[in-house]
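Survey of secondary and tertiary structure
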Amino acid sequence: MITSQERSWLKTMLNHPTAAHAFTPITREKLQSVLAADPAFDLTEAFLEKARSREKHIYHPHLRELRRFIASQTAVQFTYRVKDERVFTDELAFPYKLEYSLVKKEWYLLWYHIRNRAMMSSKLDNIESLQALIIAPERIAQIGANIDKLLQKRQIQAKIEVVNTYNRELSRILYAFSCFEKQVNYEEATDTYTIQLTFMNNEAEYVLTKIRFLGLRVRVTEGEHLQKRMAETVKRALARYEEK
């Protein structure tokens, strides 16, 4: 059961203009009818809005449609722009994943270029139009197999060992790697936890920021690239304190 305050807050949010995009018309009407007897919060005096930079909403109008295409494994035909403002029209694509960048506060569509057989990434803001494309189920299966092969080639694995002095902070350490595929093993003889990470090659630098953030709590035991980059980081840090 939700509280009366939560019901009032939900009703207030349903009155926001972006609610029309976040819910289907049927869902929104149903929620409004359920909350008809509940009062909405009056925010006119509670908040004073001052000058601000341009706001980027987490929700994007293309999200619902693309989520439906991905769930149903539907190919699409769409038009999109790139950095130099060139426009590519009627591209044949197979969308397979949506990603949100917390740094840039932007949504990205990861898709497979059917004609060029290449993995692509596009900002949702750069997609001008899209529509479903009907192709044979056998072709869909083949495209899915091609995507799996390309993703496998891009995957990197590394082992991160938790220094057992910090075993009590395991939940915090795992949270740092929460956005990556991982497997945790425990060695009772040494009281040591080992995290097997799997990530894409273009995510290596992001993994390194997490490892640096954790500091003495972890060490990389497998993963030549990560070990080399961490060694470089240490050398640069020590060089700052060398006697001159």
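Just so it is clear, the structure is predicted and the values come from calculations on it, not from any experiment.

**Regarding the sheet that holds strand 9 (residues 218-222)**
- Across the sheet, 4 strands lie side by side as 7-8-6-9; this open sheet has antiparallel pairing. Of all strands in the sheet, those with a lone pairing partner are strand 7 (181-187) and strand 9, marking the two edges. When the angles between neighbouring strand axes are averaged without regard to direction, this sheet yields 30°.
- Where strand 7 and strand 8 (residues 192-200) come together, 7 bridges link them in antiparallel fashion. Note that in strand 8 the partner of Val184 across the bridge is Ile195.
- This element, helix 7 (residues 204-214), spans strand 6 (155-162), strand 8 and strand 9 of the sheet and lies at about 155° to strand 8.
- Across the sheet, helix 8 (residues 224-239) touches strand 6, strand 8 and strand 9, and the angle it forms with strand 9 is around 135°.

**Focus: helix 5 (residues 137-154)**
- Its 18 residues give helix 5 an end-to-end C-alpha distance of 26 Å, which sits within 8% of 26 Å, the value for a rise of 1.5 Å per residue.
- Where helix 5 is buried, its residues meet strand 1 (75-81), strand 2 (87-101), strand 3 (106-113) and strand 4 (118-123).

**Considerations on the packing of aromatic side chains**
- Per the counting criterion, the structure on display carries 8 aromatic pairs.
- A ring pair is formed by Phe180 and Phe199, whose centres lie 6.2 Å apart and whose planes are at 65°; its orientation type is edge-to-face. With a gap of 19 residues between them, Phe180 in the loop between helix 6 (170-176) and strand 7 and Phe199 in strand 8 connect regions that are remote in the sequence.
- Assessed through its relative accessible area of 6%, Phe180 is described here as buried.
- On the basis of relative accessible area, Phe199 is assigned to the buried category, the value being 2%.
- Ring centres 4.7 Å apart and planes at 40° place the aromatic pair Tyr186 and Tyr193 in the tilted group.
- With relative accessibility at 41%, the residue Tyr186 sits in the partly exposed group.
- Sitting over the face of the ring of Phe69, Arg68 holds its NZ or CZ atom 5.7 Å from the ring centroid.

**Some words on the nonpolar core**
- Ile160, Phe177, Leu197, Phe199, Ile211 and Leu226 are the most contacted members of the largest nonpolar core, which totals 19 residues.
- If you list the elements that add at least two residues to this core, you get strand 6, helix 6, strand 8, helix 7 and strand 9.
- Sorting elements by how many residues they give to this core places helix 7 first, with 5 residues.
- Beyond its immediate chain neighbours, meaning those up to four positions away, Ile211 contacts Ile160, Phe177, Val218, Val220, Leu226 and Met230.
- With 13 residues, the next largest nonpolar core counts Phe69, Phe78, Tyr80 and Leu98 among its residues.

How each quantity is defined
- Residues numbered from 1 in each chain as written.
- Predicted model: local features only at pLDDT ≥ 70, side-chain atom pairs only at ≥ 80, totals over all residues.
- Heavy atoms only, no water.
- Pairing = 2+ DSSP bridges.
- Helix = DSSP H or I, 4+ residues; strand = E, 2+ residues; numbered from the N terminus.
- Axes fitted to C-alpha atoms, helices over the stretch in contact; angles between N-to-C directions.
- Contact = heavy atoms within 4.5 Å.
- Expected span 1.5 Å × (residues − 1).
- Phe/Tyr/Trp six-rings, centres within 6.5 Å; stacked < 30°, edge-to-face > 60°.
- Buried < 20%, exposed > 50% of the residue type's maximum accessible area, 1.4 Å probe, protein only.
- Lys NZ or Arg CZ within 6 Å of the ring centre and 35° of its normal.
- Core = buried A, V, L, I, M, F, W, Y, C linked by side-chain atoms within 4.5 Å.

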